[in-house]
Amino acid sequence: MKIGLIAHDAKKVLMQNFCIAYRGILVKNELYSTGTTGRLIEDAANLSIHKFHAGKLGGEKQFGVQIESGGFDLVIFLRDPLSPKPHEPDVNNVVKLCDTYNIPLATNLASAELLIKALDKGDLDWRETVK
C-alpha cells in the first residue's frame, strides 16, 4: 500500500513517535511525505520515504497531485488545528482531495492508530480491488 505522511510543525515529533511505534507495519509499505517531515521520520524511525518538497514550498501541492492520480491508499496528516498556517488553502486542499477521491484520512493520533491497525489486519485490502 502507498501511505502519505504529513505533519504540521507542532506535530512533527508526534509523527516521528508514531512512525517509531508502528515501524513494523510501515516498513512493509511504500511511504511518501513532504520533505521536512520525511527527513525527520527517516532519521527517527529508519524508514525509507519518497520525499516531496517541504509543505510550504509546494510539497502539499505535490501531495495533492499524488492524491488526484490515485497514488495513495491512505493518508495520515497530523494537523495542528490551533495555529493558522499561511499556506492553509493548500492544507485544506489535501483534506478536500482525500474526501473527493475516497482516500482514508487520519488527521489526529487516534484516527492514525485506527487506520494503521486496520491496514495491518487487512481491512484496507479493498483498496487493491478498487484499483
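(A) Region of interest: the pairing of strand E4 (residues 74–78). The element E4 is extensively covered by neighbouring structure, given that five of its five residues are classed as buried. Neither face of E4 is open: one carries Leu74, Ile76 and Leu78, the other Val75 and Phe77, and all of them are buried. Strand direction decides the pairing type here: strand E1 (residues 2–7) and E4, joined by five bridges, are parallel. Pairing of Gly4 across the sheet is with Val75, part of E4.

(B) Main features of the pattern of salt bridges. Tallied over the entire structure, the rule returns three salt bridges. Here Asp123 and Lys121 are joined by a salt bridge, their closest N and O atoms 3.5 Å apart. Classification of Asp123 as partly exposed rests on a relative accessible area of 43%. On the basis of relative accessibility, which here comes to 66%, the residue Lys121 falls in the exposed class.

(C) Structural detail: the side chain of Gln16. Position of Gln16 relative to the elements: it lies in helix H1 (residues 12–21). Those residues in contact with Gln16 that sit more than four places away from it in its chain are Leu40, Ile41 and Ala44.

(D) Up close: the packing of aromatic side chains. One pass over the full model with this rule turns up five aromatic pairs. Between the aromatic rings of Phe52 and Phe63, the centroid separation amounts to 6.0 Å while the plane-to-plane angle is 80°, which identifies the pairing as edge-to-face. Highlighted residues: Phe52 in the loop between strand E3 (49–51) and helix H4 (59–68) and Phe63 in helix H4, separated in sequence by 11 residues. The exposure classification of Phe52 matches that of Phe63, with both residues buried. One aromatic cluster is present, formed by Tyr32, Phe52, Phe63 and Phe72 through successive ring pairs. Sitting above the plane of the Phe77 ring, Arg79 keeps its charged end 5.9 Å from the centroid.

(E) Structural view of the sheet that holds E4. Taken together, the five strands give an open sheet; going across it, the order is E3-E2-E1-E4-E5, and neighbouring strands pair in parallel fashion. For this open sheet the edge positions go to E3 and strand E5 (105–106), each flanked by a neighbour on one side alone. Its contacts with the sheet place helix H3 (residues 35–45) against E1, strand E2 (30–33) and E3, and it is angled at close to 155° to E3. Lying on the sheet, H4 is in contact with E1, E2 and E4; it crosses E1 at an angle near 155°.

(F) Representation of the pairing of E2 within the structure. Pairing of E1 with E2, which is carried by four bridges, proceeds in the parallel orientation. The residue of E2 that forms the bridge with Leu5 is Ser33.

(G) Representation of the nonpolar core in the model. Core analysis: the largest hydrophobic core is formed by 24 residues, its most contacted members being Met15, Cys19 and Ile76. Of all the secondary-structure elements, those providing two or more residues to this core are E1, H1, helix H2 (23–26), H3, E4 and helix H6 (109–121). A total of four residues in this core trace back to one element, the largest contributor, which is H6. Here Ile76 is in contact with Gly4, Leu5, Ile6, Met15, Phe18, Ala106 and Ala112, once residues within four sequence places are set aside. Counting residues in each nonpolar core, the second largest holds 13 residues, with Ile6, Phe52, Cys98 and Ile103 among its members.

So, how was this worked out
Residues numbered from 1 in each chain as written. Predicted model: local features only at pLDDT ≥ 70, side-chain atom pairs only at ≥ 80, totals over all residues. Heavy atoms only, no water. Buried < 20%, exposed > 50% of the residue type's maximum accessible area, 1.4 Å probe, protein only. Helix = DSSP H or I, 4+ residues; strand = E, 2+ residues; numbered from the N terminus. Pairing = 2+ DSSP bridges. Salt bridge = Lys/Arg side-chain N within 4 Å of Asp/Glu carboxyl O. Contact = heavy atoms within 4.5 Å. Phe/Tyr/Trp six-rings, centres within 6.5 Å; stacked < 30°, edge-to-face > 60°. Lys NZ or Arg CZ within 6 Å of the ring centre and 35° of its normal. Axes fitted to C-alpha atoms, helices over the stretch in contact; angles between N-to-C directions. Core = buried A, V, L, I, M, F, W, Y, C linked by side-chain atoms within 4.5 Å.

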